[in-house]
Amino acid sequence: MRKSYKFTLRNQKNFSAVYNRGKSKGSKYVVVLYRRNNKDVSRLAYVASKKVGNSVQRNRARRLMREAYRTMSKHIVPGYDVIFVARNSINDCKCGEVQRSMFGAIRAAGLFEDGKTCNT
């Protein structure tokens, strides 16, 4: 089942706010940009620029990031706008590697609930 669009960052104003006034944490495969949104839910976006590769590689990178987030979404603190940016090193890796990388970046950003661990 597809997630509702109300949980997705969609317009330029919201993206600019996260890019310009948000904070960031990086890992081997993913950069996490985040900013508090004063809402009850977190809004997400998955970005893969042309530096990642052709359209097939960019779509795979976004799918990997979405799946990695899906597995840990129950333990993420709500109330943030979050942008996941794929690095070009994501091309030749497996889903478990991306999940561990995202877990580390999210934990470093302080967006993971206390006492929770990743299920990899």
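Presented here is a report on the structure given in the accompanying data block. This one's a predicted model, so the numbers in the text were calculated from it and none came from an experiment.

## Looking at the packing of aromatic side chains
Then, number 1: With the rule as written, the count across this model stands at 5 aromatic pairs.
Then, number 2: Note on Tyr 34 and Tyr 80: the rings are 6.3 Å apart at their centroids and 65° apart in plane angle, and the pair reads as edge-to-face. With Tyr 34 in strand β2 (residues 30-36) and Tyr 80 in strand β4 (residues 80-86), this pair connects stretches of sequence that are 46 residues apart.
Then, number 3: Using a relative accessible area of 9% as the deciding quantity, one classes Tyr 34 as buried.
Then, number 4: Between Tyr 69 and Phe 84 the ring centres are 5.6 Å apart and the planes differ by 55°, which places this aromatic pair in the tilted class. Pair noted here: Tyr 69 is in helix α2 (residues 55-72) and Phe 84 is in strand β4, with a separation of 15 residues, a long-range link.
Then, number 5: Clustering of aromatic rings is evident, with ring pairs tying together Tyr 46, Tyr 69 and Phe 84.

## Focus on α2
Then, number 1: If you check α2, its first and last C-alpha atoms are 26 Å apart, about what 18 residues at 1.5 Å a residue would give, namely 26 Å.
Then, number 2: All buried positions along α2 are accounted for by Arg 58, Ala 61, Leu 64, Met 65, Ala 68, Tyr 69 and Met 72. Each buried residue of α2 lies within a common arc of 125° when the element is viewed along its axis, so the set occupies one face. Structural note: α2 exposes Val 56 and Arg 70 on the side pointing more than 90 degrees away from its buried face.
Then, number 3: Contact partners of the buried residues in α2: β2, β3 (43-47), β4 and α3 (95-109).
Then, number 4: Here α2 starts with a cap whose side-chain oxygen sits 3.2 Å from the backbone nitrogen of Val 56, and that cap is Asn 54.

## Observations regarding the sheet that holds β3
Then, number 1: Pairing within the open sheet is mixed, and its 4 strands lie in the order β1-β2-β4-β3. Looking along the sheet, the strands with just one partner apiece sit at the ends: β1 (23-26) and β3. Pairs of neighbouring strands in the sheet enclose a mean axial angle of 15°, with direction left out of account.
Then, number 2: Both β3 and β4 contribute to a ladder of 5 bridges, which runs parallel.

## Some words on unusual backbone geometry
Then, number 1: Positioned with a positive phi, Asn 38 is a non-glycine residue whose angle comes to about 55°.
Then, number 2: Take Asn 38: it is sitting in the loop between β2 and β3.
Then, number 3: Looking at Asn 38, the relative accessible area reads 71%, which means it is exposed.

## Examining the pattern of salt bridges
Then, number 1: Per the counting criterion, the structure on display carries 2 salt bridges.
Then, number 2: For the salt bridge of Asp 81 with Arg 43, the shortest nitrogen-to-oxygen distance reads 2.8 Å. On the criterion of sequence distance, the pair formed by Asp 81 in strand β4 and Arg 43 in strand β3 is long-range, its members being 38 residues apart. Taken individually, Asp 81 and Arg 43 each receive the classification buried, so the pair is uniform in this respect.
Then, number 3: The shortest N-O distance in the salt bridge between Arg 70 and Glu 67 comes to 2.7 Å. Placement of the pair is Arg 70 and Glu 67 together in helix α2, with a separation of 3 residues, close to one helical turn.
Then, number 4: Classification of Arg 70 by relative accessible area gives exposed; the value is 52%.
Then, number 5: Among the residues examined, Glu 67 registers a relative accessible area of 28% and is labelled partly exposed.

Conventions used here
- Residues numbered from 1 in each chain as written.
- Predicted model: local features only at pLDDT ≥ 70, side-chain atom pairs only at ≥ 80, totals over all residues.
- Heavy atoms only, no water.
- Phe/Tyr/Trp six-rings, centres within 6.5 Å; stacked < 30°, edge-to-face > 60°.
- Helix = DSSP H or I, 4+ residues; strand = E, 2+ residues; numbered from the N terminus.
- Buried < 20%, exposed > 50% of the residue type's maximum accessible area, 1.4 Å probe, protein only.
- Expected span 1.5 Å × (residues − 1).
- Arc of directions from axis to C-beta.
- Contact = heavy atoms within 4.5 Å.
- Polar contact = N/O pair within 3.5 Å; in protein donor to acceptor, adjacent residues only side chain to side chain.
- Pairing = 2+ DSSP bridges.
- Axes fitted to C-alpha atoms, helices over the stretch in contact; angles between N-to-C directions.
- Salt bridge = Lys/Arg side-chain N within 4 Å of Asp/Glu carboxyl O.

In short, geometric facts, not functional conclusions.
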